Amino acid sequence: MGKDFKSLVTRCIYVGKMNDNAKRLKIATEELKDLGSNVMKRVKICEEQQQMKRLDKVQSWLRQADTVIKEAEEYFLMSSSSSSSGLISSSHKMEKKICKKLKEVQEVKSRGMFEVVAESIGGIGGGGGGGLTVKDSDEQTIGLEAVSGLVWRCLTMENTGIIGLYGVEGVGKTTVLTQVNNRLLQQKANGFDFVLWVFVSKNLNLEKIQDTIREKIGFLDRTWTSKSEEEKAAKIFEILSKRRFALFLDDVWEKVDLVKAGVPPPDAQNRSKIVFTTCSEEVCKEMSAQTKIKVEKLAWERAWDLFKKNVGEDTVKSHPDIAKVAQEVAARCDGLPLALVTIGRAMASKKTPQEWRDALYILSNSPPNFSVLKLLDRN
């Protein structure tokens, strides 16, 4: 009786230890699953949205994590059957296996905190990692080729780190920026590790800029949201200071303190570039742009050609009265490529003189200094 009681106590001890370690293994395994899911999410963002290639060490870790998770889950089933077997030796052996697997899961988990999970295709100096191809239109770039070419040359110049594009709303600044961004991404050996696009907008939000940058450089640590602005800046600086980057900032209305956001200033050593668009030449000065480029309105001949191309020659020639009214409508677009394109396409199906007169009436009776683009939004 005493011997049986002792065996029962011993068995209970082993089963108790095994169950405790099994619980710990289950918790650690779930944590590893969450971590693996987070790493894979970051990888997918880099690969699908930013044309980057996952690091070999990350791919290797993901395979190891997947293997150890499957093995741990098998142990859960084995521990259940061992608990009900009633054999001390079986419970003891299972308890040792679970302890060993627990250490293995914890070890793999400890190696999964990656700051960067992907690199530009071709490695350092390769094809524009971190960027996002932005849609543009060939029609919209008519008359802007010279400006795009000038910005492109600035990207290759050593003494120009910050480039400011300025001009009135609708003149094509964003189109130029988009064209240069896409051209850079399409070149496999463009010399930049990261090509980053950030839409700033009128209501400046430094934290939002930080969040956009950290996503595009592949840093998606779960603790990010709890970090202060200074901590986020330090982490961004830590990564970007080791890489060459091209940062495109669209629609800047006031000075953006990029140092405060964590962006290292471009210099001869890092050879990084910052290009931004703004309506104000004053903002170019505030942003310390070494090169300021004014995007001018289209000359009448080019504006009329662009308008006709989007309306269609058939529509313009569909009635004798339309050609004259069409020129007046095009003139009201004031040489703005985006207005030339948008209104032209809107009028492409209008083949009666009255429809064209109605359009001219709306444009002619807009308030002074009222943007044609805003008028289009309203109507």
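Residues numbered from 1 in each chain as written. Predicted model: local features only at pLDDT ≥ 70, side-chain atom pairs only at ≥ 80, totals over all residues. Heavy atoms only, no water.

The next point concerns the sheet that holds strand β5 (residues 245–252). In space, the five strands of this open sheet follow the order β4-β5-β6-β3-β7, with parallel pairing throughout. At either end of the open sheet lies a strand with only one pairing partner, and these are β4 (194–201) and β7 (291–294). Direction aside, neighbouring strands of the sheet carry axes that sit 15° apart on average. Alignment of strand β3 (residues 162–166) against β7, held across four bridges, turns out to be parallel. Counterpart to Ile 163 in the pairing with β7 is Thr 291. Against the sheet, helix α4 (residues 145–156) engages β3, β6 (273–278) and β7, with an angle of about 170° to β7. Sitting on the sheet, helix α5 (residues 173–186) touches β3, β4, β5 and β6, and the angle it makes with β5 is about 160°. (Pairing = 2+ DSSP bridges. Helix = DSSP H or I, 4+ residues; strand = E, 2+ residues; numbered from the N terminus. Axes fitted to C-alpha atoms, helices over the stretch in contact; angles between N-to-C directions. Contact = heavy atoms within 4.5 Å.)

Within the secondary structure, Val 180 sits in helix α5. Assessed through its relative accessible area of 2%, Val 180 is described here as buried. Once the C-alpha coordinates of Val 180 and Val 147 are considered, the two residues, 33 residues apart in sequence, prove to be 10.0 Å apart. In this structure, Val 180 is in contact with Ser 148, Val 151, Trp 152, Leu 155 and Phe 248, ignoring residues within four places of it in sequence. (Buried < 20%, exposed > 50% of the residue type's maximum accessible area, 1.4 Å probe, protein only.)

By the definition in use, this model includes four aromatic pairs. Considering the side-chain rings of Trp 300 and Trp 304, the 5.9 Å spacing of their centres and the 15° angle between planes classify their relative orientation as stacked. Here Trp 304 and Trp 300 lie together in helix α10 (residues 300–311), a separation of four residues that amounts to about one turn. Note on Trp 304: relative accessible area 11%, which makes it buried. Put simply, the rings of Trp 300, Trp 304, Phe 307 and Trp 356 touch in pairs and so form one group of aromatic residues. It is Arg 244 that lies over the ring of Phe 192; its NZ or CZ is 4.0 Å from the centre. (Phe/Tyr/Trp six-rings, centres within 6.5 Å; stacked < 30°, edge-to-face > 60°. Lys NZ or Arg CZ within 6 Å of the ring centre and 35° of its normal.)

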